[in-house]
Amino acid sequence: MFNNPFGSFQDSVAAAKEDREQLDRLLTISTPRERLLVAVIGVLSLLLAIWLFFGEVTRNLTVDAVLVESGDAQQIECLSIHALAWIERDFESQVRAGLPAVVRLAGAEGEVATIGGEIQEVSAAPLSGRWAESELSAPISVHHVKIALDKAPDIEIHPGTKCEIVIDVGRHSPIALLRMR
């Protein structure tokens, strides 16, 4: 703008005025279509902000598990499932009785059945022998989980069946989830 030491002051002012006028033309929203675009962007931004603070996102935790039995009696009763589940240490405090859960039973060809229910009991399964020593440093721990089913399964379930348990650990606003990370 004022870089030319041999030019006149009036020339420099005229050049600066021309630059400002060019910027004004670039920033002016003059057509109805442009105004509509700006309005839509503003409304979408407002809706996003409202959703971030007042919306809800469901948090699920998926754990691998194996159905178990106790002694000679089969513990897979008609309306509950007992399993050993591998839960990451960061999330084990969030898994508790009363949370909704879905059990996805696995078969040879993949998923066989999906059964809904609610967690009745969760307890740490103690390890013995050489495994007990390394349990404290492991990123996951083994828990005994009992799930009350919403309905009786329509397939025969055997101990040792691999499954996934999807646990609904709660609903949070998106901004709260961002703060958790």
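Predicted model, so just to flag it, every value in this text is computed and none were measured. (Residues numbered from 1 in each chain as written. Predicted model: local features only at pLDDT ≥ 70, side-chain atom pairs only at ≥ 80, totals over all residues. Heavy atoms only, no water.)

A. The arrangement of the confidence of the model for the protein in detail. In the predicted model, the protein carries a mean pLDDT of 78, and the fraction of residues at 70 or more is 73%. Looking at the elements of the protein, mean pLDDT is at its lowest for helix α3 (residues 130–135), recorded as 60, and at its highest for helix α2 (residues 32–54), recorded as 91. Of the regions scoring below 50 in pLDDT, residues 70–76 engages in 14 contacts with residues more than four places distant in sequence or in other chains. (pLDDT = per-residue confidence, 0-100. Helix = DSSP H or I, 4+ residues; strand = E, 2+ residues; numbered from the N terminus. Contact = heavy atoms within 4.5 Å.)

B. Molecular detail of the pairing of strand β1 (residues 57–67). As judged from the 10 bridges shared by β1 and strand β6 (residues 162–172), these two strands associate in the antiparallel manner. The residue of β6 that forms the bridge with Asn60 is Asp168. Of the strand pairs in this sheet, β1 and strand β2 (residues 80–88) are connected by four bridges, and their pairing is antiparallel. Directly across from Ala65, in β2, lies its bridge partner Ala85. (Pairing = 2+ DSSP bridges.)

C. How the structure looks around the pairing of β2. The pairing of β2 with strand β5 (residues 140–149) spans nine bridges and is antiparallel. In the sheet register, Ile87 faces β5, and the bridge partner there is Ser141.

D. Representation of the environment of Asp150 within the structure. Along the chain, Asp150 falls in the loop between β5 and β6. According to the relative accessible area criterion, Asp150 is exposed, its value standing at 64%. Separated by 32 residues in the primary sequence, Asp150 and Glu118 place their C-alpha atoms 7.7 Å from one another. Contacts of Asp150, omitting those with residues within four sequence positions, involve Gly116 and Gly117. (Buried < 20%, exposed > 50% of the residue type's maximum accessible area, 1.4 Å probe, protein only.)

E. Inspection of the side chain of Ser173 at higher detail. Topologically, Ser173 is positioned in the loop between β6 and α4 (174–180). Classification of Ser173 by relative accessible area gives buried; the value is 17%.

F. Seen up close, the nonpolar core. The biggest cluster of nonpolar side chains holds 24 residues, and the ones touching the most others in it are Leu105, Ile119, Ile147, Ile165 and Ile167. If you list the elements that add at least two residues to this core, you get β1, β2, β3 (100–107), β4 (110–124), β5 and β6. Setting aside chain neighbours within four positions, we find Ile119 in contact with Val95, Arg96, Ala97, Gly98, Leu99, Ala101, Val145, Lys146, Ile147 and Ile167. (Core = buried A, V, L, I, M, F, W, Y, C linked by side-chain atoms within 4.5 Å.)

G. Structural detail: a nonpolar patch on the surface. Residues Leu36, Val40, Val43, Leu44, Leu46, Leu47, Ile50, Phe53 and Phe54 make up a contiguous nonpolar surface patch of roughly 950 Å² in combined accessible area. A relative accessible area of 41% means that Ile50 is categorised as partly exposed. (Patch = residues over 30% accessible without salt bridge, like charges linked within 9 Å, V, L, I, M, F, W, Y side chains within 5 Å. Areas by Shrake-Rupley, 256 points an atom, 1.4 Å probe, with all protein chains shown as cover. Salt bridge = Lys/Arg side-chain N within 4 Å of Asp/Glu carboxyl O.)

H. Quick look at the pattern of salt bridges. Taken as a whole and assessed by the stated rule, the structure comprises one salt bridge. Close ionic contact of Glu164 with Arg104 constitutes a salt bridge, the shortest N to O distance being 3.4 Å. In this pair, Glu164 sits in strand β6 while Arg104 sits in strand β3, placing the two residues 60 residues apart along the sequence. Residue classification places Glu164 among the partly exposed positions, given a relative accessible area of 30%. With a relative accessible area of 31%, Arg104 lands in the partly exposed category.

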